[in-house]
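Spelled out from the first residue to the last, the chains are:
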Amino acid sequence: MRKKICAWLLALVFACLGFSGCKKTDGPGDTGGVVPDMDLSQKLTISWMIPTQQGLSLTETPMFQAIQEKLNIEIELTEMPVSQFEEKKKLNITAKEIPDIMSWTKGAEANEYGPLGAFLELSQYFEYTPNIKEKIESAIADSENVRYAVYNAENKIYMMPHYLVNPIPIFDFSYVKSAFDEVGVTSLNTWDQVYEGLKKIKEANPSEYPLAFRNHAGMQVPLRLFVESFTGARATTLDYTGYDYDTNQFQFALDVPGYKEAVAFFAKLYTEGLIHPDYTIMDEQMLKTRISRGKIVMIADFIGGWSGVPSIMKDIDNNLLPLPTPQASGQDVVIGREIPVFDSSVGTIINQNVAKDPVKLGRCLQFLDYIYSQEFYDLQWHHPDVTVKNDDGTYTYKPEVYDLEGDYNRMKDTYFPWAMTANFQDAMEERPTIGSPYYEYRETYLRGEESKDKYKPFPIVPLSLEEQQAVNQAVASITDRFNASISQFAEGKRSMDEWEEFSNSLKQAGGNELISIYNEALKRLNK
């Protein structure tokens, strides 16, 4: 309820007071032809707010220094953990104290508050942002479905989304093969086989809990892979919009066949002691410690990248192997939803008010465009301190990138900071050692030709301002109720016989309206 009221108040603030100080011709966010000054001779100060998960300040990275030097700017940086960032962002929007540039803005926020005057409309400046223009046009040429991951229903852009280079899922299962071999379970292609293996491992080690998840709070992450598998990727826990491929209509996610069964199966694992009781708060260090001691033998975590299993693998002689999500009974093998190159869940906005100053406007546009350039991508992912450029133009990481005995975390935070990866150009966990099981899993399975049909297409629909506002309020209301009860089902504390009642309560709280809006938008799109 608190989130719903907050969203309503923010919308009211913008609707009543406005936010822009510039002349507008096409509504808030459009600067009415203000021409940016792209000259770099004058040194400027630009404020930037971004979340962080690394131990090193972004100011100590070569990427940060390169931005300042190339654009002749001083950056007033505000960085904080994601949990604190979300609250700070809402307060800044409410108080109309948005920094010049703000990353980790959600697409739903951009499409609600951008048209009300909070954020600059970006497409009017394509001639000044050639890298952004090229990326957007190239992505849409490859897949028209991507268009509305960037544009809203009025063909406006209020946020530059997180860009995924050759996108693949980066969160999946891994397992200690030897532990399953020892109990005679050598194949884990189905959930029945996984259950059999975990059960036998538990019988051999009654005080241990063999399955765990990387998680910081909530149920969406632990349940996600189960739900996507049991529903054939027709639903996920990341949102409440499922899709019926027979009728080509959206439907409420919890009503999608298989969702209930996924939660019931999770509850079965939990109540039989096969899932670690701390599964909602496990971080990398907790997983690493328990796996190295043989207490956990199967995890869901980032697969073979910078922040997941590589630092775990060292302690168990590299016996931790990637495991494709097991197949649910009656479902085809799926990897998940198709992943568009633009991840509209988060992105970066420019404060509409920078257009009052043509010089600052120009510099902010150059800032955003540079971060989405090939030049910056190579700096971010192929810095000469940690890579070697080969004769064929490809890059190879130096040995220290894989040296877990050295100061690995400082190296990672210096040259591959999470704050940059999670907001701008993401190489999708590029790190796995060439030839390693995780490298082969990524290249032959996740990106393999035979796996293309394992990704389910999911339509991206454009929403009007009014629709976006209604969706945001509905989602906030549903989420409050979902979070209050889902763990009771997942931990067997509430009977699955009450599932329909639970789903209906969420639909009454906003789910029905949510699906109606999405289906109307889909109908409009398909005309």
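Considerations on the sheet that holds strand S9 (residues 298-302)
Okay, step 1: The strand order across the open sheet formed by four strands is S6-S9-S5-S10, and the pairing between neighbours is mixed. The sheet terminates laterally at strand S6 (211-213) and strand S10 (320-323), the two strands that pair on one side only. Taken over all neighbouring pairs, the strand axes of this sheet differ in orientation by 30 degrees on average, direction set aside.
Okay, step 2: Two elements, strand S5 (residues 171-176) and S9, share five bridges in a ladder whose sense is antiparallel.

Here's the deal with the sheet that holds strand S4 (residues 160-164)
Okay, step 1: Spatially, six strands are ordered S2-S1-S3-S12-S4-S15 in an open sheet, and the strand pairing comes out mixed. On the outer flanks of this sheet lie strand S2 (73-81) and strand S15 (425-426), each paired with one strand and no other.
Okay, step 2: In this sheet, strand S12 (residues 342-350) lies alongside strand S3 (residues 101-105) in antiparallel orientation, the contact comprising three bridges. Its bridge partner lying in S12, Met102 is registered against Ile349.
Okay, step 3: Where helix H13 (residues 358-371) meets the sheet, it contacts strand S1 (44-52), S2, S3, S4, S12 and S15, and its direction lies at approximately 40 degrees from that of S1.

Description of the pattern of salt bridges
Okay, step 1: For the structure on display, the rule yields 25 salt bridges.
Okay, step 2: Lys43 is the partner of Glu74 in a salt bridge, and the nearest nitrogen-oxygen pair spans 3.3 Å. Of this pair, Glu74 sits in strand S2 while Lys43 sits in the loop between helix H1 (2-17) and S1, and the two are 31 residues apart along the sequence.
Okay, step 3: In this structure, the salt-bridge partner of Lys89 is Glu109, at a minimum N-O distance of 2.8 Å. Residue Lys89 is found in helix H3 (residues 82-94), and its partner Glu109 is found in helix H4 (residues 107-113); the two are separated by 20 residues along the sequence.
Okay, step 4: According to the relative accessible area criterion, Glu109 is buried, its value standing at 12%.

Thoughts on the side chain of Glu109
Okay, step 1: Within the local environment of Glu109, its side chain forms a polar contact with the backbone nitrogen of Lys106, the two atoms lying 2.9 Å apart.
Okay, step 2: The residues touching Glu109, leaving out its near neighbours within four places in the chain, are Glu86, Lys89, Gly114 and Phe119.

Regarding the nonpolar core
Okay, step 1: Formed by 82 residues in total, the largest nonpolar core has its most connected members in Phe173, Phe226 and Leu254.
Okay, step 2: Here the element with the most residues in this core is helix H19 (residues 499-525); it accounts for nine residues.
Okay, step 3: Grouped together as the second largest cluster of nonpolar side chains are 48 residues, Leu58, Leu71, Ala355 and Cys364 included.

Describing the environment of Asp255
Okay, step 1: As for its placement among the helices and strands, Asp255 is situated in the loop between strand S8 (249-252) and helix H10 (259-271).
Okay, step 2: For Asp255, a relative accessible area of 33% puts it in the partly exposed group.
Okay, step 3: Measuring from C-alpha to C-alpha, the distance between Asp255 and Trp499 comes to 9.5 Å, with 244 residues separating the pair along the chain.
Okay, step 4: Not counting chain neighbours up to four residues away, the residues in contact with Asp255 comprise Ser503 and Lys507.

Remarks on the pairing of S4
Okay, step 1: Among the five residues of S4, five are classified as buried, and the element is accordingly described as predominantly covered.
Okay, step 2: The pairing of S4 with S12 spans four bridges and is antiparallel. Bridged to Pro161 within S12 is Gly347.
Okay, step 3: The pairing of S4 with S15 spans two bridges and is parallel. Residue pairing in the sheet places Leu164 in a bridge with Asp426 of S15.

Regarding the side chain of Ser464
Okay, step 1: Looking at where Ser464 falls in the secondary structure, it is placed in the loop between strand S16 (455-456) and helix H18 (465-490).
Okay, step 2: Setting aside its immediate chain neighbours within four residues, Ser464 contacts Ala153, Glu154 and Arg524.

Quick notes on the packing of helix H8 (residues 191-204) against H10
Okay, step 1: Axis separation between H8 and H10 bottoms out at 11 Å; the angle between their running directions is 10 degrees. Relative to H10, the element H8 lies roughly parallel. Between H8, through Trp191, Tyr195 and Leu198, and H10, the contact on the second element is made entirely by Phe265, Lys268 and Leu269.
Okay, step 2: The class makeup of the residues in the contact of H8 with H10 is five nonpolar, no polar and one charged.

Looking at a negative patch on the surface
Okay, step 1: Residues Asp385, Glu400, Asp403 and Glu405 make up a contiguous surface patch of negative charge.
Okay, step 2: Mapping Glu405 onto the fold places it in the loop between strand S14 (395-397) and helix H15 (408-415).
Okay, step 3: Residue class for Glu405 comes out exposed when judged on its relative accessible area of 62%.

Some points on H18
Okay, step 1: Compared with the 38 Å implied by 1.5 Å per residue over 26 residues, the 36 Å span of H18 between its first and last C-alpha is a close match.
Okay, step 2: The largest bend along H18 measures about 35 degrees and falls at Asn483.
Okay, step 3: Once H18 finishes, Gly492 follows within two positions and takes phi at roughly 70 degrees, a positive value.

Observations regarding the pairing of S8
The side chains of a regular strand alternate, residue by residue, between the two faces of the sheet.
Okay, step 1: Taken together, the four bridges between strand S7 (residues 241-244) and S8 define a ladder with antiparallel strand orientation. Bridge pairing links Asp244 to Gln249 in S8.
Okay, step 2: Count of turn residues in the S7/S8 antiparallel hairpin: four residues, of which Asn248 carries a positive phi of about 55 degrees.

Things to note about the packing of aromatic side chains
Between two aromatic rings, the relevant description is the distance of the centres plus the angle of the planes.
Okay, step 1: Under the definition given, this model contains 37 aromatic pairs.
Okay, step 2: Summarising the aromatic geometry, the rings of Phe173 and Phe226 are spaced 6.0 Å apart at their centres and angled 85 degrees between planes, so their arrangement reads as edge-to-face. Pair noted here: Phe173 is in strand S5 and Phe226 is in helix H9 (residues 220-230), with a separation of 53 residues, a long-range link.
Okay, step 3: Among the residues examined, Phe226 registers a relative accessible area of 0% and is labelled buried.
Okay, step 4: Each ring, one from Trp499 and one from Phe502, has its centre 5.5 Å from the other, and the planes form 65 degrees; the classification is edge-to-face. Of this pair, Trp499 and Phe502 both sit in helix H19, three residues apart, which is roughly one turn of that helix.

Reading guide: rules and limits
Residues numbered from 1 in each chain as written. Predicted model: local features only at pLDDT ≥ 70, side-chain atom pairs only at ≥ 80, totals over all residues. Heavy atoms only, no water. Pairing = 2+ DSSP bridges. Helix = DSSP H or I, 4+ residues; strand = E, 2+ residues; numbered from the N terminus. Axes fitted to C-alpha atoms, helices over the stretch in contact; angles between N-to-C directions. Contact = heavy atoms within 4.5 Å. Salt bridge = Lys/Arg side-chain N within 4 Å of Asp/Glu carboxyl O. Buried < 20%, exposed > 50% of the residue type's maximum accessible area, 1.4 Å probe, protein only. Polar contact = N/O pair within 3.5 Å; in protein donor to acceptor, adjacent residues only side chain to side chain. Core = buried A, V, L, I, M, F, W, Y, C linked by side-chain atoms within 4.5 Å. Parallel < 35°, antiparallel > 145°, perpendicular 65-115°, else oblique. Nonpolar A, V, L, I, M, F, W, Y, C, P; charged D, E, K, R; others polar. Patch = residues over 30% accessible without salt bridge, like charges linked within 9 Å, V, L, I, M, F, W, Y side chains within 5 Å. Areas by Shrake-Rupley, 256 points an atom, 1.4 Å probe, with all protein chains shown as cover. Lys, Arg positive; Asp, Glu negative; His and termini not counted. Charge placed at Lys NZ, Arg CZ, Asp CG, Glu CD. Expected span 1.5 Å × (residues − 1). Bend = angle between axes of the 7 residues up to and from the residue. Phe/Tyr/Trp six-rings, centres within 6.5 Å; stacked < 30°, edge-to-face > 60°.

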